[in-house]
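Each chain is listed here by its residues.
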Amino acid sequence: MKKYDVTGIGNALVDIEFKVTDQFFADNGVEKGLMTLVDETRQNSLMNVIDTTHAKMQCGGSAGNTVIAISQFGGKSYYSCKVADDEMGHFYMNDMKDAGVSHNLNEGNLAAGITGKCLVMVTEDAERTMNTYLGITETYSNEDVNEAAIKDSKYLYIEGYLITSENGKAAMKHAKKIAEENGVKVALTFSDPAMVKYFKEPMAEVIGASVDLLFANEEEAMIFTETDNLLDTREELKKLAKHFVITQGKNGAMIYDGDTFIDIEPYATTAIDSNGAGDMFAGAFMYGITNGHSYASSGKLASMASSKIVSQFGPRLQWHEAKEILNRLNP
């Protein structure tokens, strides 16, 4: 028996989410729909012109959101990450604890520095745009990878955003090697179209011969495989991953279970915020496959969960909502 269903590695960012208009992007030179890395000065300048009255603050990062989702559905998850010994770092650590996720952080080992923050700007069309200052998480390295936690997990889950730094890429490869040498399955998410557009070669280097499970949305999958239709895309992905999930937004998702393709139907919803939808899909799906559900059943759970997420503000379910979704899956 493994102690954890999933150990995740990724950036530790305090998400500060708020609503903006398209005019805000035009006025402040923000590229809509992408995750853009910025320095602290740029992030602070944006904060100064944002109405943060109704902003929502939670611990996040792509893989952070995913391991929290696993915990909320009743799974056992661990997060290996890095925050600083500052107010935001302590907020992150306590929020992760409240979410039921084990982690490598404690008050005695937090380094001096600035904890990373992500400004999540949501427009009326429900699209999310992120400006991220990585802070100390940019120095995430092999030393921050918890080898024991990986060995004691069913899956290692690797966040694609780590690819932007050399030490992050090295940590991805190091963690993957530990998992493979100890019979632990490896899952990877591309995280964002920008990661496969600008870091394709490093990402391919991390994937190596293959991964056990790959998560990508349609745009990411097509950019990485250099294809222009889904049929070609999915055939190319077979060369990279033993199993994969292609999320398709309002059209649901497509899952390859290693043998056949499974179409996952979307659930009717009114989208107001797409932030965290992909992270939630991955978390619910990984909870499912590590807790006795089939790929089809896990996909259904993930589709229900992500449809709920886009219908509300913020990337996280309430605990009772996760329980209600599970009850719908298993009436």
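Provided above is the structure to which this section pertains.
What counts, and at which threshold
- Each residue is numbered by its place in its chain's sequence as written, counting from 1.
- In view of the model being predicted, local features appear only for residues whose pLDDT reaches at least 70, and side-chain atom pairs are presented and counted only at 80 or more, with totals across whole chains, interfaces and linings using the full set of residues.
- Hydrogens and water are ignored here; the side-chain numbers use all heavy atoms of the structure.
- Salt bridge criterion: a side-chain nitrogen from Lys or Arg within 4 Å of a carboxyl oxygen from Asp or Glu.
- Only DSSP runs of H or I with at least four residues qualify as helices, and only runs of E with at least two residues qualify as strands; both kinds are numbered from the N terminus onward.
- For every residue, the accessible area (1.4 Å probe, protein chains only) is compared with the maximum for its type, and the residue is labelled buried under 20%, exposed over 50%, or partly exposed between those bounds.
- Centres within 6.5 Å are what make two rings of Phe, Tyr or Trp a pair, Trp counting through its six-membered ring; a difference in plane orientation under 30 degrees is then read as stacked, over 60 as edge-to-face, and the rest as tilted.
- Should the NZ of a Lys or the CZ of an Arg lie within 6 Å of a ring centre and within 35 degrees of the ring normal, that charge is described as sitting over the ring.
- Two strands qualify as a pair provided that DSSP identifies no fewer than 2 bridges between them.
- Buried Ala, Val, Leu, Ile, Met, Phe, Trp, Tyr and Cys residues that are joined via side-chain atoms within 4.5 Å together make up what is termed a nonpolar core.

Brief notes about the pattern of salt bridges
Here is step 1: This structure, assessed with the given rule, holds 17 salt bridges.
Here is step 2: Between Lys151 and Glu147 there is a salt bridge, with the nearest N and O atoms lying 3.0 Å from each other. Of this pair, Lys151 and Glu147 both sit in helix H5 (residues 147-151), four residues apart, roughly one helical turn.
Here is step 3: On the accessibility criterion, Glu147 (37% relative accessible area) is partly exposed.

Concerning the packing of aromatic side chains
Given two aromatic rings, one states the distance between the centres and the angle between the planes to describe the pair.
Here is step 1: In total, this model carries ten aromatic pairs according to the counting rule given.
Here is step 2: Ring centres of Tyr157 and Phe215 lie 6.1 Å apart, and the angle between their planes is 65°; on these two criteria the pair is classed as edge-to-face. Taken together, the residues Tyr157 in strand S9 (residues 153-159) and Phe215 in strand S11 (residues 211-217) connect sequence positions 58 residues apart.
Here is step 3: Owing to a relative accessible area of 1%, Tyr157 belongs among the buried residues under this scheme.
Here is step 4: Residues Tyr256 and Phe261 carry aromatic rings whose centres are separated by 4.9 Å and whose planes lie at 40° to one another, so their mutual orientation is tilted.
Here is step 5: By relative accessible area, Tyr256 is classed as buried at 10%.
Here is step 6: With relative accessibility at 25%, the residue Phe261 sits in the partly exposed group.
Here is step 7: Put simply, the rings of Tyr157, Phe215, Phe285 and Tyr295 touch in pairs and so form one group of aromatic residues.
Here is step 8: Positioned over the ring face of Phe224 is Lys200, at 5.5 Å from the centre of the ring.
Here is step 9: Stacked on the ring of Phe261, the Lys or Arg Arg234 has its end atom at 3.8 Å from the ring centre.

Structural notes on the pairing of strand S8 (residues 128-133)
Here is step 1: Among the six residues of S8, six are classified as buried, and the element is accordingly described as predominantly covered.
Here is step 2: With burial as the criterion, each face of S8 is covered, one bearing Arg128, Met130 and Thr132 and the other bearing Thr129, Asn131 and Tyr133.
Here is step 3: Of the strand pairs in this sheet, strand S3 (residues 35-37) and S8 are connected by three bridges, and their pairing is parallel. Paired with Leu37 across the bridge in S8 is Thr132.
Here is step 4: As consecutive antiparallel partners, strand S7 (residues 116-122) and S8 are separated by five residues, and within that stretch Ala126 has a phi angle of approximately 75°, a positive value.

Things to note about the nonpolar core
Here is step 1: Residues Phe73, Tyr92, Leu213, Phe215, Phe285 and Met286 are the most contacted members of the largest nonpolar core, which totals 59 residues.
Here is step 2: Of the residues forming this core, the biggest block, eight residues, is contributed by helix H11 (residues 277-289).
Here is step 3: Core analysis: the second largest hydrophobic core is formed by 45 residues, Met35, Val122, Ala175 and Ala179 among them.

Considerations on unusual backbone geometry
Here is step 1: Non-glycine residue Ala126 carries a positive phi angle of around 75°.
Here is step 2: Position of Ala126 among the secondary structure elements: in the loop between S7 and S8.
Here is step 3: The phi dihedral of Glu226 falls on the positive side, at around 55°, and the residue is not glycine.
Here is step 4: Checked against the element boundaries, Glu226 lands in the loop between helix H9 (218-225) and helix H10 (230-237).

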